[in-house]
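Observations on chain architecture
Here's the letter readout for the chains.
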Amino acid sequence: MFTIFGASGFIGGYLARHLARQGYKVNTPTRDSLPNKKNLGHVIYCIGMTGNFREDFSGAVDSHVMTLQRLMDNNEYCSWLYLSSTRVYGGGDAESVANEASEIFVRPGGDAIYDISKLLGESVCLAKENSSVRVVRLSNVYGLGQSKSTFLGSIVEDLVTRGESIVHESPDSEKDYVSVHDVVELLPKISLYGKERIYNVASGRNTSHESLVRCVEGVFGGRVYFSPGAKKRAFPLIGIERCLGEFDFFPRSVADGLDFC
């Protein structure tokens, strides 16, 4: 049995449907019916915020830390998988490779509330002596239905509704993108069989904004423009050797074409 917290969201919804198709019993509690003193089986904690955290800092802290803590303390479970983010590596050297053992640098202020709250949620999980409590750091997950608050989601929304979009970062800015289909295939395997406490789940390659928006234009039409003189924003390359070694994880590349099926 799996319990998916956050099944009404993008990743959680895909995950719940994937597990049901695999024949698992899947519980999907809502915020209004969170369990207390229950045996939850294998838990995957997908509750979280994306770009909308900037409008609700307290909501981000509650989602990433407080609700997590209450549910872990008040229920029994066979395993627990917490979805964090590779954004926590953003303070590192953009020319480096970020793996699960890399040092993490966070400067308080601004958007750091997201990274800090995710890291605190990780700490809540990793403080448990139970080795079946694990953390997954997800890169930028894309697919049909993704949040309009994400970078890619906002561009898609603009193209669908207005036929154009403006990006306020340099075209040679770059990030790692991973398909939601690859993610939901891998998460249950980590939950059930993972040998480590932390895993990066990413494509393992960065895609430039220029390459990305041309892919998006090819799928949705319209035109994406870049603000003249915009700054370059780049993240470290995300190392995925653990997933490659344990699970033969070979994710597709967003540069090969956006999969929005």
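Look a little higher up for the structure.
Okay, so let's go over this structure.

Rules behind the numbers
Residues numbered from 1 in each chain as written. Predicted model: local features only at pLDDT ≥ 70, side-chain atom pairs only at ≥ 80, totals over all residues. Heavy atoms only, no water. Helix = DSSP H or I, 4+ residues; strand = E, 2+ residues; numbered from the N terminus. Rg over C-alpha atoms; globule rule 2.2 N^0.38 Å. Contact = heavy atoms within 4.5 Å. Buried < 20%, exposed > 50% of the residue type's maximum accessible area, 1.4 Å probe, protein only. Polar contact = N/O pair within 3.5 Å; in protein donor to acceptor, adjacent residues only side chain to side chain. Phe/Tyr/Trp six-rings, centres within 6.5 Å; stacked < 30°, edge-to-face > 60°. Core = buried A, V, L, I, M, F, W, Y, C linked by side-chain atoms within 4.5 Å. Expected span 1.5 Å × (residues − 1). Salt bridge = Lys/Arg side-chain N within 4 Å of Asp/Glu carboxyl O. Axes fitted to C-alpha atoms, helices over the stretch in contact; angles between N-to-C directions. Parallel < 35°, antiparallel > 145°, perpendicular 65-115°, else oblique. Left-handed = near helix turned anticlockwise from the far one by under 90°. 1 Å grid on protein atoms, 1.4 Å probe; cavity = no way out; pocket = protein on both sides within 12 Å on 5 of 7 lines; lining within 4 Å. Points joined across faces, edges and corners; volume = space filled by probe spheres on them. Nonpolar A, V, L, I, M, F, W, Y, C, P; charged D, E, K, R; others polar. Pairing = 2+ DSSP bridges.

**Observations concerning the overall build of the protein chain**
Helices and strands together make up the secondary structure of the protein chain, namely seven helices and 13 strands. Taken over the C-alpha trace, the protein chain has a radius of gyration of 18 Å; the compact-globule value for 261 residues is 18 Å, and the two agree within 12%. With the C-alpha coordinates of the protein chain rotated into their principal frame, the extents come out at 55 × 40 × 35 Å. When contacts within the protein chain are restricted to residue pairs at least 6 apart in sequence, long-range pairs at least 24 apart make up 83% of them.

**A word on the environment of Tyr82**
For Tyr82, the location among the structural elements is in strand β4 (residues 79–85). Judged by relative accessible area, which is 0%, Tyr82 ranks as buried. One polar contact links the side chain of Tyr82 to the main-chain carbonyl oxygen of His64, over a distance of 2.9 Å.

**Some points on the packing of aromatic side chains**
Inspection of the entire model under this criterion finds eight aromatic pairs. Pairing Tyr77 with Trp80 gives two aromatic rings, centres 5.0 Å apart and planes at 70°, and the pair type is edge-to-face. Like Tyr77, the residue Trp80 is buried in the burial classification. Linked through ring pairs, Phe5, Tyr45, Tyr77, Trp80 and Tyr82 together constitute an aromatic cluster.

**Some details on the nonpolar core**
In this structure, Ile4, Ile44, Val136, Leu187, Ile190 and Val201 are the most contacted members of the largest nonpolar core, which totals 35 residues. Elements with a minimum of two residues in this core: β1 (2–5), α1 (10–21), β4, β6 (133–138), α5 (180–193), β10 (198–201) and α7 (241–247). Setting aside residues up to four positions removed in sequence, Ile190 forms contacts with Leu81, Arg134, Val136, Tyr199, Val201, Cys243 and Phe247.

**Some details on helix α3 (residues 112–126)**
Between its first and last C-alpha, α3 extends 21 Å over 15 residues, near the 21 Å set by a 1.5 Å rise per residue. Along α3, the positions that sit buried rather than exposed are Ala112, Tyr114, Asp115, Ser117, Lys118, Leu119, Gly121, Glu122, Val124 and Cys125.

**With respect to the pattern of salt bridges**
A full pass over the atoms with the stated rule returns 14 salt bridges. For the salt bridge of Asp182 with Arg252, the shortest nitrogen-to-oxygen distance reads 2.9 Å. Taken as a pair, Asp182 in helix α5 and Arg252 in the segment after α7 lie far apart in primary sequence, 70 residues in all. For Asp182, a relative accessible area of 11% puts it in the buried group. Note on Arg252: relative accessible area 33%, which makes it partly exposed. When the shortest N-O distance is used, the salt bridge between Glu217 and Arg223 registers 3.6 Å. Residue classification places Glu217 among the buried positions, given a relative accessible area of 12%. Several salt bridges converge on common partners, so that one network encompasses Glu210, Arg214, Glu217 and Arg223.

**A look at the packing of helix α4 (residues 151–162) against helix α6 (residues 209–220)**
Helices that pack against each other are described as a pair by the angle of their axes relative to one another and the distance between those axes. Running from N to C, α4 and α6 cross one another at 40°; their axes reach a closest spacing of 11 Å. When the interaxial angle is binned, α4 and α6 end up oblique. In this structure, the crossing between α4 and α6 has a hand that is right-handed. Here α4 contributes Phe151, Leu152, Ile155, Val156, Leu159 and Val160 to the contact with α6, which in turn contributes His209, Leu212, Val213, Val216 and Phe220.

**Focus: the layout of surface pockets**
If you add up the space inside the second largest pocket, you get close to 230 Å³. Taken together, the residues of the lining of the second largest pocket break down into six nonpolar, two polar and five charged.

**What about the sheet that holds strand β3 (residues 42–45)?**
Within the open sheet, the six strands sit side by side as β2-β1-β3-β4-β6-β10. Their pairing is parallel. A single partner strand is all that each edge strand has here, and the edge strands are β2 (26–27) and β10. The pairing of β3 with β4 spans four bridges and is classified as parallel. Its bridge partner lying in β4, His42 is registered against Ser79. Packed onto the sheet, α3 meets β4, β6 and β10 and runs at close to 160° relative to β4.

**Describing the sheet that holds strand β9 (residues 174–179)**
With respect to topology, three strands assemble into an open sheet ordered β7-β9-β11, the strand pairing being mixed. Each edge of the sheet is formed by a strand with only one pairing partner; in this case those strands are β7 (140–142) and β11 (206–208). Taking each pair of neighbouring strands and ignoring which way they run, the sheet shows an average axis angle of 55°. Sitting on the sheet, α5 touches β7 and β9, and the angle it makes with β9 is about 60°.

The values are spatial; any link to function lies outside them.
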